[in-house]
Amino acid sequence: MAVSPDAYWNGNNMHPQMLTYLQETAGDIGITMSADAIELALEKMGNVRRIGLISPYTAIGDEAVSQFFVDKGYDILALANLGGQSPSRISVVSQDDLRHAVEVVNAPGVEAIVQVGTNVPMTIFANVAEQWTGKPVIANNAVLYWHALRTSGVQDQFPGFGSLFSRY
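In this report, we go over the structure that sits alongside the text. (Residues numbered from 1 in each chain as written. Predicted model: local features only at pLDDT ≥ 70, side-chain atom pairs only at ≥ 80, totals over all residues. Heavy atoms only, no water.)

Details of the overall build of the protein
Thinking step 1. Regarding its fold elements, the protein presents eight helices and four strands.
Thinking step 2. In terms of overall dimensions, the protein is globule-like: its C-alpha atoms have a radius of gyration of 15 Å, near the 15 Å expected for 168 residues.
Thinking step 3. Every one of the 168 residues in the protein was classed for burial, and the buried ones make up 47%.
Thinking step 4. Accessible surface, the protein: about 8,200 Å² in total, of which carbon and sulfur atoms supply 51%.
Thinking step 5. Within the protein, one finds 9 positive and 16 negative side-chain charges whose respective centroids are separated by 8 Å. (Helix = DSSP H or I, 4+ residues; strand = E, 2+ residues; numbered from the N terminus. Rg over C-alpha atoms; globule rule 2.2 N^0.38 Å. Buried < 20%, exposed > 50% of the residue type's maximum accessible area, 1.4 Å probe, protein only. Areas by Shrake-Rupley, 256 points an atom, 1.4 Å probe, with all protein chains shown as cover. Lys, Arg positive; Asp, Glu negative; His and termini not counted. Charge placed at Lys NZ, Arg CZ, Asp CG, Glu CD.)

This is the structure in structure tokens:
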């Protein structure tokens with residue numbers, strides 16, 4: 001379920017309420033939300049706490065997402081904004097934009113790079129970025145898919161989509 005900004009917007013305390021509402025509404029259909037997927041991925045990767053964050057939102061969205069992670073106990077050592085001016089424009093980013101964002105957040109001390117925003121086409125690029133940064137790069141759409149598989153009992157591992165899929 002692609003509700004990234006909504007899951008972060010009202011803070012860490014509202015997230016469980018939103019998840020409960022979605023689960024009750026969906027009935028027997030599983031719900032995977034970015035915040036939960038990212039948190040589990042960072043835990044599996046060795047309980048990573050120091051992150052570089054890539055966001056496609058406007059400044060107010062960056063603030064909400066950053067605060068969400070800080071409230072969860074993460075240290076955001078660097079933030080890069082992809083310049084999304086509206087929800088429909090979030091996906092309008094180039095490979096150069098993604099590379100620049102990764103370079104910005106690949107700061108000293110960053111243990112993993114996290115990209116939020118379900119409309120950002122970063123899944124394949126994240127795998128490439130892991131190769132040259134030497135750090136896990138978690139793309140929002142990939143982590144959602146990984147989380148949905150893992151919570152459904154599918155433990156298959158495969159290459160080409162980053163360390164999340166090849167190791168965890």
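Back to the write-up after that little detour.
Focus on helix H7 (residues 140-151)
Thinking step 1. With twelve residues, H7 ought to run about 16 Å at 1.5 Å a step, and its terminal C-alpha atoms sit 16 Å apart, in line with that.
Thinking step 2. Positive backbone phi, approximately 90°, marks Gly153, located one or two places after H7. (Expected span 1.5 Å × (residues − 1).)

Notes on unusual backbone geometry
Thinking step 1. Positive phi, normally seen in glycine, also occurs at Asn47, with a value near 55°.
Thinking step 2. Here Asn47 is to be found in the loop between helix H3 (34-44) and strand E1 (50-55).
Thinking step 3. The class for Asn47 is partly exposed, based on a relative accessible area of 45%.

Looking at empty space enclosed by the protein
Unfilled space is identified by rolling a water-sized probe across the atoms.
Thinking step 1. In the structure shown here, the tally under the stated rule is two cavities of 30 Å³ or more.
Thinking step 2. Roughly 70 Å³ of internal volume is contained in the largest cavity.
Thinking step 3. Contributions of two or more residues to the lining of the largest cavity are made by helix H6 (123-133), strand E4 (137-139) and helix H8 (163-167).
Thinking step 4. Element by element, the count of residues in the lining of the largest cavity is highest for H6, at four residues.
Thinking step 5. Its residues assigned to classes, the lining of the largest cavity comprises eight nonpolar, four polar and one charged. (1 Å grid on protein atoms, 1.4 Å probe; cavity = no way out; pocket = protein on both sides within 12 Å on 5 of 7 lines; lining within 4 Å. Points joined across faces, edges and corners; volume = space filled by probe spheres on them. Nonpolar A, V, L, I, M, F, W, Y, C, P; charged D, E, K, R; others polar.)

So, the environment of Gly73
Thinking step 1. Mapping Gly73 onto the fold places it in the loop between helix H4 (59-71) and strand E2 (75-81).
Thinking step 2. Taking C-alpha positions, Gly73 is 15 Å from Gly46, a pair spaced 27 residues apart along the chain.

So, the pairing of strand E3 (residues 112-115)
Thinking step 1. Residue alternation in E3 divides its side chains into two sets, Ala112 and Val114 and Ile113 and Gln115, and both sets are buried.
Thinking step 2. Bridge analysis of E3 against E4 gives three bridges, and the strand direction is parallel. Across the sheet, the residue bridging to Ile113 is Val137, located in E4.
Thinking step 3. The β-α-β motif built from E3, the intervening H6 and the parallel element E4 has right-handed crossover chirality. (Pairing = 2+ DSSP bridges. Right-handed = clockwise from strand over helix to strand, strands pointing away.)

Concerning the side chain of Thr32
Thinking step 1. Structurally, Thr32 is set in the loop between helix H2 (15-26) and H3.
Thinking step 2. Separated by 3.4 Å, the side chains of Thr32 and His147 make a polar contact. (Polar contact = N/O pair within 3.5 Å; in protein donor to acceptor, adjacent residues only side chain to side chain.)

Quick word on H6
An α-helix turns once per 3.6 residues; consequently, residues spaced three or four apart project the same way.
Thinking step 1. Among the residues making up H6, those that are buried are Phe125, Ala126, Asn127, Ala129, Glu130 and Thr133.
Thinking step 2. If you follow the buried residues of H6, they end up packed against helix H5 (95-105), E3, E4 and H8.
Thinking step 3. Gly134 occupies a position one or two residues after H6 and carries a positive phi of about 75°. (Contact = heavy atoms within 4.5 Å.)

Considering the packing of aromatic side chains
Thinking step 1. What the rule picks out here adds up to six aromatic pairs.
Thinking step 2. Ring centres 6.0 Å apart and planes at 40° place the aromatic pair Tyr145 and Phe165 in the tilted group. Taken as a pair, Tyr145 in helix H7 and Phe165 in helix H8 lie far apart in primary sequence, 20 residues in all.
Thinking step 3. The exposure class assigned to Phe165 is buried, which follows from its relative accessible area of 2%.
Thinking step 4. Three or more aromatic residues joined by ring pairs make a cluster, and in this case those are Tyr145, Phe158, Phe161 and Phe165.
Thinking step 5. Here the guanidinium or amino end of Arg49 rests over the ring plane of Tyr74, the centre of that ring lying 4.0 Å away. (Phe/Tyr/Trp six-rings, centres within 6.5 Å; stacked < 30°, edge-to-face > 60°. Lys NZ or Arg CZ within 6 Å of the ring centre and 35° of its normal.)

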